Protein chains: 2
Amino acid sequence: MSLHPAATRCLDCGLQKLCFPPSFDESALTRISQLVAQPSAFSKHDTVYRLGDPMTALYAVRSGALKTSMLLASGEEQITGFYLPGEVIGLDNMGQSHCASTATALEKTTLCELPVSGISRLSQQLPELQGHLFQIMSTELRADYQRLHLMAQASAEVRVVSFILGLSARQQQRHLAAHELRLAMSRADLGNHLGLALETVSRVLSQLAADGLIEVHGKQLRILHAEALAARVQASCHE
Amino acid sequence: MSLHPAATRCLDCGLQKLCFPPSFDESALTRISQLVAQPSAFSKHDTVYRLGDPMTALYAVRSGALKTSMLLASGEEQITGFYLPGEVIGLDNMGQSHCASTATALEKTTLCELPVSGISRLSQQLPELQGHLFQIMSTELRADYQRLHLMAQASAEVRVVSFILGLSARQQQRHLAAHELRLAMSRADLGNHLGLALETVSRVLSQLAADGLIEVHGKQLRILHAEALAARVQASCHE
DNA sequence: CGTAGCATTGATTCTCTTCAAGAGGTGTGG
DNA sequence: CCACACCTCTTGAAGAGAATCAATGCTACG
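Values in this document were obtained by computation on a predicted structure and should not be read as measured data.

*Asks:* Looking at this structure, how should I read the protein's contact with DNA strand D?
*Replies:* In the vicinity of DNA strand D, 16 residues are found, and the nearest of them are R187, S202 and S206 of chain A together with A156 and T200 of chain B. Within the side chain of R187 of chain A, a nitrogen or oxygen atom sits 2.8 Å from a phosphate oxygen of DNA strand D. T200 of chain B has a polar side-chain atom sitting 2.2 Å from a phosphate oxygen of DNA strand D. Counting only elements with at least two residues in the surface near DNA strand D, the list comes to α7 (198-210) of chain A together with α7 (198-210) of chain B.

This is the structure:
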């Protein structure tokens, strides 16, 4: 048997409400649990899947943090997202035979593996699961549109602030301190993701700190004036 | 032909191969057809759905062209995509009760309406339909990641050239002339979508024309040297 | 034929990138 | 435990590229 049998049961998992909507009943959760293998552990820099790998599963983040990226022919990397506990990675590979992206752990991370074959089969039987999958995929699409807008229109400051506030909101969903963030990724990764040079990211953070809106100590970030930050994002739109 | 009743049967539709993968058999197509209402017609500037509307359907483009956009609180618009015949709009609203985006016709356009309730129900019964939906959603995700990379890293020229080549490829899929494009959208829309000022779009097009790579006459665009264009996109990566 | 909207072109300004140097932190080996 | 090297982050100065402002040209449509 497994080492921590209870931990693999979604019913007992603290992240249940994040992975699945509240509408899921006990029997649905039980059936999903049966698909989930023992959570697997990854260390910093480990890849969960890589560009070109056969697409076998979705993964729900149980602890830690990851980045997903597209590696281009030229060797350039585009970081497409950072993922926290309760979030699902691999959606961009759904329906494909092979992975088009790469997922890399940013720190010690554990993941619940959801085999696609099982998920597809089960979502034939559970309309609410199918609906949920559609929903998280469309949510991902909408989030990307927001980011596209950010990249298209927003200044460096607005991009960074939006990212910080977004991260804060996601932490809050996890019932974690909304004002104490840990930037698991490097400045370079952050810059890549936001379409900025890493120096620019650093400068913006320093400026925000100088203005007394945040405190930064390496990867640790404290939000001092969330409203003032939000105001700066709005400000760029009002003109 | 397109107004003939029989045209609502996917089996008889010339775009069948674009809307659905070849694996769909006759009975599957027939059942999908039964969901599709008579194609509805839209004029330039008509909206198919708007931000906040109840989410009732996906739409397959039958003829014409549309743009989809997110309207932000500030009144700003972010154009998230342009859609051609055989493509499906509304995926970003899947699983949501209300639309988070707006779809606007760029010219005379006809659409096949696919009610979500029917689509959801039918995809419970047809695994290949469910798989296809997952696939087009994930394809949309991957396309957005490409665009994100474009916005994050690429120069104005590369953005415009990538867009042109992408459009050309999509035309080719439709068995249309790959080198004769009609830019149904305005320069402003194009600039918005690519994260550039409309003047910059215009300048880049003029420059490409001056270099003898394309010909531009208003909305009409002819590609003279596809390879040279592709080379310019690559060039920015090799460094 | 004239007007309105869209597109092009030019000049200037500004933001971000790039290049460069130095500081802070971390991990390893002596 | 300290010293050194390595890596990441910060900060500064210069330059490039696109945005903005502004004027003119083109096209379509009543």
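*Asks:* Just checking my understanding: could you explain the protein's contact with DNA strand C for this structure?
*Replies:* A156 and T200 of chain A together with R187, S202 and S206 of chain B are the nearest of the 16 residues found near DNA strand C. Interatomic distance of 3.4 Å between a backbone N/O atom of G195 of chain A and a phosphate oxygen of DNA strand C. In the model, a phosphate oxygen of DNA strand C is placed 3.2 Å from a nitrogen or oxygen of the A197 of chain A main chain. No other element matches the five residues that α7 of chain B contributes to the surface near DNA strand C. For the surface near DNA strand C, a count of residues per class yields four nonpolar, six polar and six charged.

*Asks:* Please clarify how the sheet that holds strand β9 (residues 180-182) of chain B should be interpreted in this entry.
*Replies:* The strands making up a sheet associate through hydrogen bonds between their backbones, and the pairing can be parallel or antiparallel. All names here are of chain B. Spatially, the three strands line up as an open sheet ordered β9-β11-β10, and their pairing is antiparallel. Either end of the sheet is taken by a strand with one partner, and the two such strands are β9 and β10 (214-217). Direction aside, the axes of adjacent strands within the sheet are offset by 20 degrees on average. The sheet contact formed by β10 and strand β11 (residues 220-223) spans four bridges and is antiparallel. Opposite H217, over in β11, you have Q220 as the bridge partner. Where α7 meets the sheet, it contacts β10 and β11, and its direction lies at approximately 130 degrees from that of β10.

The rules behind these values
Note on numbering: residues in each chain are counted from 1, in written sequence order. Chains and ligands are labelled by the order in which they are written, letters from A for the one and numbers from 1 for the other. In keeping with the predicted nature of the model, local features appear solely for residues at pLDDT of at least 70, side-chain atom pairs appear and are counted solely at 80 or more, and the whole-chain, interface and lining totals rest on all residues. Just so you know, side-chain values use all the structure's heavy atoms and leave hydrogens and water out. We call a residue near a given molecule or strand whenever any one of its heavy atoms falls within 4 Å of it. Polar contact criterion, stated in full: a pair of N or O atoms within 3.5 Å, where within protein one must be able to donate a hydrogen and the other to accept it, and residues adjacent in sequence count only if both atoms are side-chain atoms. Helix and strand labels come from DSSP, where a helix needs a run of H or I of at least four residues and a strand needs a run of E of at least two; each type is numbered from the N terminus. For this classification, the nonpolar set comprises Ala, Val, Leu, Ile, Met, Phe, Trp, Tyr, Cys and Pro, the charged set comprises Asp, Glu, Lys and Arg, and every other residue, Gly included, is treated as polar. At least two DSSP bridges between two strands are needed for those strands to be called paired. Axes here refer to lines fitted to C-alpha atoms; in helices the fit is confined to the stretch in contact. Angles between the N-to-C directions go from 0 to 180 degrees. Whether two residues are in contact is decided by their heavy atoms: any pair within 4.5 Å suffices.

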